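# Structural characterization, general
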Amino acid sequence: KTLASIRKVSAYEDGYNLYRMDIKYDYSLDDIIASGITNDQSMVDAIGKEALPLLPVSLKAPSFGCTAFTMKDTDGDIHMGRNYDFKDDTSALLVRNHPRDGYASIGFAALNNLGDNTPLDSVGGRAAALMGPFAQLDGVNECGVSIAVLTLDSQPCDQDTQRPVINTSLAIRLVLDRAATTQEAVDLLSAYDMHAMAGRDYHFFINDAAGDARVVEWDPRDPDRAFKATPVRQVTNFYACYGDEVLPNQKNGELGHGKERAVAIADVLDAHVGAQDETIVWKALRAAAQEPNPEDITSNTQWSVVFDNTEPAAAITLRRHWGDVDAFAL
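Residues numbered from 1 in each chain as written. Predicted model: local features only at pLDDT ≥ 70, side-chain atom pairs only at ≥ 80, totals over all residues. Heavy atoms only, no water.

Attention now moves to the pattern of salt bridges. Counted under the stated rule, the structure contains 17 salt bridges. Residue Arg319 pairs with Asp14 through a salt bridge whose shortest N-O separation is 3.3 Å. Note that Arg319 is positioned in the loop between strand 18 (313-318) and strand 19 (326-329) and Asp14 in the loop between strand 1 (7-8) and strand 2 (18-23), a separation of 305 residues in sequence. Three or more residues joined by partner-sharing salt bridges are found here, namely Arg221, Glu245 and Glu254. (Salt bridge = Lys/Arg side-chain N within 4 Å of Asp/Glu carboxyl O. Helix = DSSP H or I, 4+ residues; strand = E, 2+ residues; numbered from the N terminus.)

Take a look at the structure:
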């Protein structure tokens, strides 16, 4: 049923398009986590054994940069804007998920991370797309909790405090399936050891229907990588917990880069205080969007999405096609 639900939404000549899929199969997050996540391959093996035991699928661990922010409009509705930036072009997969023991959600995965940008062209491509729920880069659930992952420049987090271990992708699945507020998301993630995927480090921007926006991070200056949750309005690829030490338009060592994009977002939001609506979210996303640069992994905006946290929904455009937006209700 899940395979049969895959549909192509856009038709760009370059071959990188938007697809959608409804998840019909069951999985147990608890069983996946309990299997023991020690590296990227063990996560893929655990998911395959639990959710897709008969299919030879593979998952490419992602590396990416991004921008994310929150805005409350004049009607009191909460939005999260997010640019997913990565130097290599990719198709996007909308994943609509209704887990038996969790909250319904919608979100997006990069199909190049699943090994096939044209999933309808082959049986293998369709099978790879089935991993979509465990390769999401952002999303929002029925409670209005949204989450986005962003890369950092620090050493990959690999905690070992004898707690259960999750990795970057499972953290997103865990929040979307089980968190009804940002505080619940923070409490959930703080209960696990974090293993960062693909040899890179990451943090998460989390927002909810009340507008509680925080960045969840693992302190790079602490040998034990202490868990931190910092309230922010916007963030890019730098540590929010050390945001005062980060300068724009330069690398800042392990503390990260891209602060100029956060400043661009802030300038747009500050210029429209008292007159904010969804068009301002799109204006802010355009201000922080990036053109292709093969030398910069955090360039080339692949998609820009506006999540509605108040009445959960998503509107997305691919690769800066600002006049071509697809909207999806939960």
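Time to look at helix 2 (residues 40-51). Along its twelve residues, helix 2 runs 17 Å from first to last C-alpha, staying within 8% of the 16 Å computed at 1.5 Å per residue. Within helix 2, the full set of buried residues consists of Ser42, Met43, Val44, Ala46, Ile47, Gly48 and Ala51. Packed against the buried residues of helix 2 are helix 1 (29-34), strand 9 (165-167) and helix 4 (168-178). At the N-terminal boundary of helix 2, the capping side chain belongs to Asn39, with an oxygen 3.2 Å from the backbone nitrogen of Gln41. (Expected span 1.5 Å × (residues − 1). Buried < 20%, exposed > 50% of the residue type's maximum accessible area, 1.4 Å probe, protein only. Contact = heavy atoms within 4.5 Å. Polar contact = N/O pair within 3.5 Å; in protein donor to acceptor, adjacent residues only side chain to side chain.)

Let us look at the nonpolar core. Grouped together as the largest cluster of nonpolar side chains are 88 residues, with contacts concentrated most on Phe108, Ile166, Leu170, Phe204, Phe205 and Trp303. Broken down by element, the residue count for this core peaks at six residues, all from helix 4. Look past the residues within four positions of Ile166 in its chain and what remains in contact with it is Ile33, Ala171, Leu174, Leu189, Tyr192, Asp193, Met194 and His195. Counting residues in hydrophobic clusters, the runner-up holds 13 residues, among them Phe69, Met71, Ile280 and Ala288. (Core = buried A, V, L, I, M, F, W, Y, C linked by side-chain atoms within 4.5 Å.)

Before going further, it helps to examine the state of the cysteines. According to the stated counting rule, one finds zero disulfides in the structure shown. Looking at the unpaired Cys157, the closest cysteine sulfur is the one in Cys241, lying at 12 Å. On the accessibility criterion, Cys157 (1% relative accessible area) is buried. (Disulfide = S-S within 2.5 Å.)

Turning next to the packing of helix 6 (residues 259-271) against helix 7 (residues 278-288). The interhelical angle for the contact between helix 6 and helix 7, taken along N-to-C directions, is 150°, at an axis separation of 8 Å. Here helix 6 lies roughly antiparallel to helix 7, going by the angle between them. Of the two possible hands of crossing, helix 6 and helix 7 adopt the one that is right-handed. Residues Arg261, Ala264, Ile265, Val268 and Leu269 of helix 6 form the contact with helix 7, whose participating residues are Ile280, Lys283, Ala284, Leu285, Ala287 and Ala288. (Axes fitted to C-alpha atoms, helices over the stretch in contact; angles between N-to-C directions. Parallel < 35°, antiparallel > 145°, perpendicular 65-115°, else oblique. Left-handed = near helix turned anticlockwise from the far one by under 90°.)

For the rest of this paragraph, the subject is helix 5 (residues 182-189). An α-helix turns once per 3.6 residues; consequently, residues spaced three or four apart project the same way. Within the sequence span of helix 5, burial applies to Thr182, Ala185, Val186, Leu188 and Leu189. When helix 5 is viewed along its axis, its buried side chains cluster within an angular range of 160° and face the same direction. Of the surrounding secondary structure, the elements contacted by the buried residues of helix 5 are strand 9, helix 4, strand 11 (201-207), strand 12 (214-218) and strand 13 (227-231). (Arc of directions from axis to C-beta.)

Applying the stated criterion across every chain yields a total of eight aromatic pairs. Ring geometry for Tyr27 and Phe134: centres 5.1 Å apart, planes at 75°, overall edge-to-face. Taken together, the residues Tyr27 in the loop between strand 2 and helix 1 and Phe134 in the loop between helix 3 (123-129) and strand 7 (136-141) connect sequence positions 107 residues apart. The pair formed by Tyr27 and Phe134 is uniform in burial state, with each residue classed as buried. Each ring, one from Phe108 and one from Phe307, has its centre 6.3 Å from the other, and the planes form 40°; the classification is tilted. With Phe108 in strand 6 (residues 105-110) and Phe307 in strand 17 (residues 301-308), the pair connects residues that are 199 residues apart, well separated along the chain. The rings of Tyr84, Phe108, Trp303 and Phe307 are connected pair by pair, giving a single aromatic cluster. Directly above the aromatic system of Tyr242 lies the positively charged group of Arg221, at a separation of 4.3 Å from the ring centroid. Sitting over the ring of Phe238, Lys259 keeps its end group 5.9 Å from the ring centre. (Phe/Tyr/Trp six-rings, centres within 6.5 Å; stacked < 30°, edge-to-face > 60°. Lys NZ or Arg CZ within 6 Å of the ring centre and 35° of its normal.)

Geometric values such as these leave the question of function open.
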